[in-house]
Amino acid sequence: MNYREKLKDKKRIVVKIGSSSITHPETGALNLTKLEILVRELCDLKNTGKDVILVSSGAIAVGRQAIGVHHRPKNVAEKQACAAIGQAQLMMIYQKLFSEYGHRAAQILMTKNTMMNHLSRRNAANTFEELLALGAIPIVNENDTVATYEIEFGDNDTLSAIVAALVHADFLLLLSDIDGLYTDDPKKNPAAVFIDTVDQLDDQLMHMGKGSSSDVGTGGMATKLSAAKIATSAGADMMIANGEDFHVIHRIMQGMNVGTLFPGHSDENFDLFDILEEESN
Ligand code: GLU
């Protein structure tokens, strides 16, 4: 059986989307058509009986738009103010769209401290479990309004992998503005070759992930590869695929051949706490 066919049997799925996938590049405003497709796809996945968690960026991008900040926020206070406005607006839209399809969206905001502290980590895990048991769809973001560099994950690729490990998800789907992993940056090198499956994340491969962060998000290929390391060691399969058309979600879940797949391999020495400690150093 083709490995991708097994994706049909996944039970707990984390989907991560970046700010650039839900905003119009010309204006930075939300792309409502794409958001509607995203929510419909996730609701339909939920309708097949799977647990679904969405890690959504966009707080800062939406806040920028709302108050007319046309540059990337320059200082922490400005970034936090944009996030405070944008996160609330983003959730309002998610709540509306999910409820149109009869589903309940729930907001979970985390910082690195949530994960470093045993008690708050256990609380977060319990909240996820309870929400999933109640049939809700948790929507996760970094708590940008209070996170400063000492306590931030910094990018939602890493956050989504940590969430996947925390909730024992069996699949993490990173939807990006690129089809998957290439041997080089395909925008700069036309000879770059697409990589279909990555069985081993060795050093050579980790170096391949050159920083290609966009104007609105923070992640590049490097953060996606470190997310892959965390998620696959926690036993989840991970995929990087293009979020240009969110209909790709059901195609992936049907086992179609898109994106770069990183098969999970439960590492018995895996310890989420060690990973977070390492990240902090
Ligand atoms: N948490 C940030 C936001 O919602 C984005 C982080 C990221 O794009 O990785 O605006």
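Since the structure is predicted, the reported quantities are computational estimates derived from the model, not experimental observations. (Residues numbered from 1 in each chain as written. Predicted model: local features only at pLDDT ≥ 70, side-chain atom pairs only at ≥ 80, totals over all residues. Heavy atoms only, no water.)

Novice: Even after reading the chapter, I still don't get empty space enclosed by the protein, so can you show me in this structure?
Specialist: Once rolled over the atoms, a probe with the size of a water molecule shows which space is left empty. On inspection of all chains with the given rule, the structure shows 1 cavity of 30 Å³ or more. One number sums up the size of the largest cavity: a volume of about 40 Å³. What lines the largest cavity is V198, D199, Q200, L201, T232, F262, P263 and H265. (1 Å grid on protein atoms, 1.4 Å probe; cavity = no way out; pocket = protein on both sides within 12 Å on 5 of 7 lines; lining within 4 Å. Points joined across faces, edges and corners; volume = space filled by probe spheres on them.)

Novice: I keep staring at the packing of helix α7 (residues 156-166) against helix α9 (residues 221-233) and nothing clicks. Help me out?
Specialist: To characterise two packed helices, one gives the angle between the axes of the helices and the distance between these axes. Axis separation between α7 and α9 bottoms out at 8 Å; the angle between their running directions is 10 degrees. Relative to α9, the element α7 is oriented roughly parallel. On α9, the residues touching D157, T158, A161 and I162 of α7 are T223, K224, S226, A227, I230 and A231. Residue classes in the contact of α7 with α9 are distributed as 5 nonpolar, 3 polar and 2 charged. (Axes fitted to C-alpha atoms, helices over the stretch in contact; angles between N-to-C directions. Helix = DSSP H or I, 4+ residues; strand = E, 2+ residues; numbered from the N terminus. Parallel < 35°, antiparallel > 145°, perpendicular 65-115°, else oblique. Contact = heavy atoms within 4.5 Å. Nonpolar A, V, L, I, M, F, W, Y, C, P; charged D, E, K, R; others polar.)

Novice: Is there a simple way to think about the sheet that holds strand β1 (residues 12-17) in this case?
Specialist: The 7 strands lie next to each other as β3-β4-β2-β1-β5-β8-β9, forming an open sheet whose pairing is mixed. If you trace the sheet from one side to the other, it starts and ends with β3 (105-110) and β9 (260-262), each paired once. Put simply, the sheet's adjacent strands are angled 20 degrees from each other on average, direction ignored. Two strands pair when backbone bridges link them, and β1 and strand β2 (residues 51-56) are joined in this way by 6 bridges, in the parallel orientation. Its bridge partner being in β2, V15 is matched across the sheet by L54. Across the sheet, helix α6 (residues 118-133) lies against β1, β2, β3 and β4 (137-142), angled at about 170 degrees from β3, the strand it touches most. (Pairing = 2+ DSSP bridges.)

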